[in-house]
Amino acid sequence: MRGHTNMVTAISTPHRCSNFILSSSRDKSIIIWRITRGNSTYGVPYRILTGHSHFVNDVVLLSNDDCALSASWDGELRLWELATATTTCLFLGHTKDVLSVAICPENRKIVSASRDGTIKLWNTIGECKFTTDRAAGGHSDWVTCVKFIPGASEQSVVSTSWDGTVKIWKLEKCGSEWKMNMKHTLVGHDGYVEVVTVAPDGTLCASGGKDGTVLLWEVNEGVKLYEFESGSVVVALCFSPTRYWLCVATVNNNIFILDLQSKQIVVELNLQVNNGSITHTIQPIYCSSLEWSADGNTLFCGYTDGEIKVWEVSPT
């Protein structure tokens, strides 16, 4: 799938339908792709969302699949209405690049992570309700990734940072205000942590980064369960929504799918990168973003050269 002219930084797949996906890129745009499943191309650009003035580092769909949130190096978050390809709300407050954004399942609370070392909690009209503080247990370096943890009795968030830690936060309401209290600091990585992903039932999370080690954590108690050595810097992770699988992408252009029950590699997707008719100026070329379809049968892989490659799980 070709449309971006720079690294694909994130992919978001809809919760219900399967006829489109979103992708963000360092070309400063977000593309809405119409999925065609044709022989020559799996999907084609349908609409392009523009407005950010720097790299778009993350994009997530709201649970109704009608709107999306984006995070950019321009320091902004944007709420988009997909039907009109317009920005309906700007979120201003971070003092440096925004690297990650997430929204809770009921679409009422938003969290963002930034190079300014903070996580911000927002409402849906762009008001910042809380900002983490280093002195109160916050991260001491860039915050690289943030995710809501689904299914818990108390709303929780997990974050990663260049300070080498993974933190789990509990959201609490104090009168009419909300705050984030640090619940666990997960220590085990040797180097910056780039990415975290949360299992669909919210009981597990997996983190990875510079040291090439993927760590699997039990969320409630903050205990390390397992580690996998990928052999290279880990840049993307995602759990399958239907199988006990974890997908891992590294800068060596290796994509591993791990069976977490057997602790064995199901398959290693070593794709030969072929320039074809496109002149690539970005080196090296590797998978920089991952996302499964809602039914768990299709894996979308965004690359540093701007392409999205699509894998389908064999019915056997």
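Remember, predicted model here, so these are calculated numbers, not experimental data.

**Structural notes on the overall build of the protein chain**
- Counting secondary structure elements, the protein chain contains 0 helices and 27 strands.
- Taking 316 residues into account, the globule formula puts the C-alpha radius of gyration at 20 Å, and the protein chain, at 18 Å, falls close to it.
- For the protein chain, buried positions account for 53% of its 316 residues.
- A separation threshold of at least 6 residues defines the contact pool for the protein chain, and within that pool the share at least 24 residues apart is 43%.
- Total accessible area on the protein chain stands at roughly 13500 Å², and carbon and sulfur atoms take up 47% of it.
- Counting 26 positive and 32 negative side-chain charges, the protein chain places the averaged centre of each group 3 Å from the other.

**A few points about the sheet that holds strand E20 (residues 223–229)**
- Strand order across the open sheet formed by 4 strands is E17-E18-E19-E20, with antiparallel pairing between neighbours. Looking at the sheet topology across the chains shown, the edges are occupied by strand E17 (193–198) and E20. Neighbouring strand axes in the sheet, compared pairwise and without regard to direction, differ in orientation by 20 degrees on average.
- Pairing of strand E18 (residues 204–209) with strand E19 (residues 213–218), which is carried by 4 bridges, proceeds in the antiparallel orientation. Across the sheet, residue leucine 204 finds its bridge partner in E19, namely glutamate 218.

**Remarks on unusual backbone geometry**
- Not every positive phi belongs to a glycine, and lysine 28 is a case in point at roughly 75 degrees.
- With respect to the helices, strands and loops of the structure, lysine 28 is situated in the loop between strand E2 (20–25) and strand E3 (30–35).
- For aspartate 65, which is not a glycine, the phi torsion comes out positive at approximately 65 degrees.
- Tracing the backbone shows aspartate 65 in the loop between strand E5 (56–61) and strand E6 (67–72).

Calculation criteria
- Throughout this description, residue numbers start from 1 for each chain and increase along the sequence as written.
- Where local features are concerned, this predicted model is filtered to residues with pLDDT of at least 70; where side-chain atom pairs are given and counted, the filter is 80 or more; whole-chain, interface and lining totals use all residues.
- Based on all heavy atoms of the structure, the side-chain values leave hydrogens and waters out of the count.
- Strands here mean DSSP runs of E at least two residues long; helices mean DSSP runs of H or I at least four residues long; both are numbered from the N terminus.
- The globule rule is 2.2 Å times the number of residues to the power 0.38, and the radius of gyration it is compared with is taken over C-alpha atoms.
- Type-normalised accessible area, obtained with a 1.4 Å probe on protein chains alone, sets the label of each residue: buried when under 20%, exposed when over 50%, and partly exposed for intermediate values.
- Only heavy atoms enter the contact rule, under which two residues are in contact if any of them lie within 4.5 Å.
- The protein chains shown are the only cover counted for residues, whose accessible areas, like all others here, come from Shrake-Rupley with a 1.4 Å probe.
- Charge convention: Lys and Arg are scored as positive, Asp and Glu as negative, and His as well as the terminal groups of each chain are ignored.
- Note on charges: their place is set at NZ of Lys, CZ of Arg, CG of Asp or CD of Glu.
- Two strands pair under a simple rule: DSSP has to find at least two bridges between them.
- Orientation is described by lines fitted to C-alpha atoms, with helices fitted over the stretch in contact, and by angles between N-to-C directions that extend from 0 to 180 degrees.

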